[in-house]
Amino acid sequence: MTGKVIAVANMKGGVGKTATVIGLAEGLAADGAEVLVVDLDPQANASICLAGDHFLKTLIEDGQTIDAFLNDRYFNSGQKTSFADRIRTNISNVWHLNEQLRISLLASSSELRLIERKLIFYLTTQKLSLDGIVENFFGVIKRELAGTRRKYDYVIFDCAPGISALTEVSIRLADMVIVPTIPDFLSTYGLNSFCSNLWTGDLAKSSPLKKPKLPKVLVTRRRPISEHDRTIDRLVSESKHPKRSYSMFRTVIFERAAIAEALGRTDKYSAFAQKWKDGTAGLLENLVKETKEALNGA
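Here is what the cut-offs are and how they apply
Residues numbered from 1 in each chain as written. Predicted model: local features only at pLDDT ≥ 70, side-chain atom pairs only at ≥ 80, totals over all residues. Heavy atoms only, no water. Helix = DSSP H or I, 4+ residues; strand = E, 2+ residues; numbered from the N terminus. Axes fitted to C-alpha atoms, helices over the stretch in contact; angles between N-to-C directions. Parallel < 35°, antiparallel > 145°, perpendicular 65-115°, else oblique. Contact = heavy atoms within 4.5 Å. Nonpolar A, V, L, I, M, F, W, Y, C, P; charged D, E, K, R; others polar. Pairing = 2+ DSSP bridges.

(A) Highlighting unusual backbone geometry. Despite not being glycine, Leu 97 shows a phi value in the positive range, around 55°. Structurally, Leu 97 is set in the loop between β3 (94-96) and β4 (99-100).

(B) Spatial organisation of the packing of helix α1 (residues 17-30) against helix α15 (residues 280-295). At a closest axis distance of 9 Å, the pairing of α1 and α15 adopts a crossing angle of 80°. Considering the angle they form, α1 stands roughly perpendicular to α15. Of the residues in α15, those touching α1 at Gly 23, Leu 24, Gly 27 and Leu 28 are Leu 284, Leu 287, Val 288, Thr 291 and Lys 292. Of the residues contributing to the contact of α1 with α15, the split by class is 5 nonpolar, 3 polar and 1 charged.

(C) Broad picture of the sheet that holds strand β6 (residues 154-159). With parallel pairing, the 7 strands of this open sheet are ordered in space as β5-β2-β6-β1-β7-β8-β9. Unpaired on one side and paired on the other, β5 (103-106) and β9 (247-254) mark the two borders of the sheet. Each strand of the sheet is rotated relative to its neighbour by a mean of 20°, with strand direction disregarded. By the bridge criterion, 4 bridges tie strand β8 (residues 216-222) to β9 in an arrangement that is parallel. Across the sheet, Val 217 pairs through a bridge with Met 248, a residue of β9.

Structure, rendered in structure tokens:
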């Protein structure tokens, strides 16, 4: 088995990125898949949603986080470390068809932003350029993924807002990049810029690393208002342009209180359909179907 890698990213925060990661991970797991979530956001929202605040605190104290891995990998060279040492298996508290969802987590903490800055400073002292730093990170993460992908059907990266070195590496390594966005003016203002930076712009042309797959935009928090109608029409039109910088999901995630409630159910055991109520379970099933189709080249 060689698992597919999915990066969920956007330059802008607050657009439903973590909700997409959690919903997609649980939807894929409910469909029978073995899923690993790698949290690359220092806000650690995906980690909190999966592990709960109390257990995440334990993971951080025990060094079971991506930032602890990076710190040991670069600054404690005598200590053998790998992704596998930090992954927490059977993290989900959700069940489907009387079986616990098979979701694992490589958690994050607020230290990740500091570690990344520390690493960039350290690597610049080794005479590496910014491109060289990204290449260095790329090599490390790619080697770790080589073993990890054999154990999971899907590895989902929850990327921090913007384009950090780790986010760029995740996007370049991914078999699929999902860009969640709210369909309004401010949320989509930098969408083309974000997509073109790595896919069609100068950075895409200058980097020696492989060009990432064309991103797929997912409309989230959709409301029945005219601005959202107009914005979706524009996004669809742009996605069909010959020089497009992204494609679109047919699935649309609507604004529903049930989604926020589901993300807050960190310490409650529940069935998948009970957690994702008010029709959201059906939306996630559609998202899973489209994701699998895209990954399989449909």
